[in-house]
Amino acid sequence: MINKQIILTGATGWLGQNILHYLQSQIPAKSFNEIVIALGSKEQKIKSTGYPLHEQIEIPIQSFSSIESLIDKKANTMLIQTAFMTRDKIDLLGEKEYTRVNNLIIDNVSYILKKIKDPKVVLISSGAVKKVEEGLIKKGNKSENLYSFLKYEEEKRITCFGDSLVLRVHALTGKFIRDPKIYALGEFLLQAKTKERIEIKSSRNVIRSYVNARNISEIALS
C-alpha cells in the first residue's frame, strides 16, 4: 500500500495513462482518489483501467489551476512529471507556440513543487537531452533541435526542488499508445497484424532499444 500523496502530471498522455494504470495495482480502488492527484490539460473524469469491473471507479483529471486546493502540504509527496508537448507537435503549433506551451508546463510544475515540503520528484525526460548536455548540439541550431533544448531546460529547472530521479527515455512501448503509426514499433505491429511486409522507413541505419511503460512506472514508484 502506498502511504504518500502522488501528483501525476500528463495523466491522460501515453506514459501518464500507463502510470495511472500501474498505480491501480498498488492502491485499493476505495483509496485511489484520496492518494492520487491526476493532472491533465483539461478537467474531466475518466474510467479506471486497472480494477475489476465491479470495482471500477471514475478518476477525476484536474487542471493545474485547481492544484492549490488539492495538495496536502503535510503529506509525504511524490510528483511524477510526464506532461510535455511531444516533438511531433512542433509542425502543428509552430515553434513559438510550442515553446510557450512547454515553458508554461514547466512553470506550473515548478509552482507546485514550491508549495510542497521536501518533495520526491520523478521526471520523465528524453534521450534527446544527452546531445545538448554533451555539447553535440549548439545553440545556433536550437530551432531544429527545439524539443531537445526544452527538455534540457526542464531537467535543470525541475530537479532543483528536491530529491529527484530523471528517467531519460529513448524509445517507449506499452499500453495506451496514442497513434501507433507515428512510432516505429507500433507501425511494425500494425503491419504484422495485417500480414504486410514490415518496413523500416529510414534513409540510414537505425538502432532502437525499447523500454516498456510498465517498467518506467515500477521504477518511478520504487
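In what follows, the accompanying structure is described. (Residues numbered from 1 in each chain as written. Predicted model: local features only at pLDDT ≥ 70, side-chain atom pairs only at ≥ 80, totals over all residues. Heavy atoms only, no water.)

**Topic: the overall build of the protein chain**
What counts, and what does not: Strands here are runs of E lasting at least two residues and helices are runs of H or I lasting at least four, both read from the DSSP assignment and numbered beginning at the N terminus. The reference for a compact globule is 2.2 Å times residues^0.38; the radius of gyration itself is calculated from the C-alpha atoms. Partly exposed describes any residue whose relative accessible area lies between the buried limit of under 20% and the exposed limit of over 50%, with all areas from a 1.4 Å probe on protein chains only and scaled to the type maximum. Whether two residues are in contact is decided by their heavy atoms, any of which lying within 4.5 Å being enough. All accessibility values rest on the Shrake-Rupley procedure with a 1.4 Å probe; residue burial counts only the protein chains present in the view. Charge counting follows a simple rule: Lys and Arg are positive, Asp and Glu are negative, and His as well as the terminal groups are ignored. Just so you know, the charge point we use is NZ for Lys, CZ for Arg, CG for Asp and CD for Glu.
Check the secondary structure of the protein chain and you find 8 helices and 9 strands. For the protein chain, whose C-alpha radius of gyration is 18 Å, the value lies close to the compact-globule estimate of 17 Å for 222 residues. Overall, the C-alpha framework of the protein chain stretches about 50 × 45 × 30 Å when taken along its three principal axes. Counting every position in the protein chain, which comprises 222 residues, the buried fraction comes to 41%. Partitioning the intrachain contacts of the protein chain with sequence separation of at least 6 by distance along the chain shows that 70% fall at a separation of at least 24. Here the protein chain has roughly 12,900 Å² of accessible surface; of this, 50% comes from carbon and sulfur atoms. The average position of the 34 basic charges and that of the 24 acidic charges among the side chains of the protein chain differ by 1 Å.

**So, the pattern of salt bridges**
We apply this condition: Basic side-chain nitrogens of Lys or Arg form a salt bridge, by our definition, when they fall within 4 Å of a carboxyl oxygen of Asp or Glu.
In total, this model carries 12 salt bridges according to the counting rule given. For K151, the salt bridge is made with E154, and the minimal N-O distance between the two is 2.7 Å. Taken as a pair, K151 and E154 lie in helix 6 (residues 146-158) at a separation of 3 residues, close to a single helical turn. A relative accessible area of 0% means that E154 is categorised as buried.

**Structural notes on the packing of aromatic side chains**
The condition that has to hold: Pairing of aromatic rings covers Phe, Tyr and Trp, the last through its six-membered ring, and needs centres within 6.5 Å; plane angles under 30 degrees mean stacked, over 60 mean edge-to-face, and all others mean tilted.
One pass over the full model with this rule turns up 2 aromatic pairs. Consider the rings of F32 and Y51, whose centres lie 6.3 Å apart with planes at 85°: the pair is edge-to-face. Taken as a pair, F32 in helix 2 (residues 29-35) and Y51 in the loop between strand 3 (44-47) and strand 4 (58-62) lie far apart in primary sequence, 19 residues in all. Residue F32 is classed as buried on the basis of its relative accessible area, which comes to 0%. Consider the rings of F84 and Y147, whose centres lie 6.1 Å apart with planes at 80°: the pair is edge-to-face. Taken together, the positions of F84 in the loop between strand 5 (77-81) and helix 3 (89-93) and Y147 in helix 6 put the pair 63 residues apart, joining distant regions of the chain.

**Details of the packing of helix 1 (residues 14-26) against helix 8 (residues 213-221)**
What counts is decided by this rule: Where helices are involved, their axes are fitted lines through C-alpha atoms of the stretch in contact, as for all axes, and angles between N-to-C directions lie from 0 to 180°. By convention, the crossing between two helices is left-handed when the near helix turns anticlockwise from the far helix through less than a right angle, and right-handed when the turn is clockwise. Under the convention adopted here, Pro, Cys and the residues Ala, Val, Leu, Ile, Met, Phe, Trp and Tyr are nonpolar, Asp, Glu, Lys and Arg are charged, and Gly plus all remaining residues are polar.
Between helix 1 and helix 8, the least distance of the axes is 9 Å, while the angle of their chain directions is 65°. Once helix 1 is placed against helix 8, the crossing between them reads as right-handed. Residue-level inspection shows L15, N18, I19, Y22 and L23 of helix 1 in contact with helix 8, the latter providing A213, R214, I216, S217, E218 and L221. Within the contact of helix 1 with helix 8, the residues separate by chemical class into 7 nonpolar, 2 polar and 2 charged.

**Some thoughts on the nonpolar core**
We count it as follows: Remark: nonpolar core denotes a set of buried residues (Ala, Val, Leu, Ile, Met, Phe, Trp, Tyr, Cys) joined through side-chain atoms within 4.5 Å.
Formed by 31 residues in total, the largest nonpolar core has its most connected members in L20, L23, I27, F32, I80 and L221. Counting residues per element, this core draws most heavily on helix 1, which supplies 6 residues. Look past the residues within four positions of L221 in its chain and what remains in contact with it is I2, I6, Y22, L23 and I80. Grouped together as the second largest cluster of nonpolar side chains are 25 residues, V101, I112, L123 and A128 included.

So, to be careful, I would describe these as geometric facts and stop short of saying anything about function.
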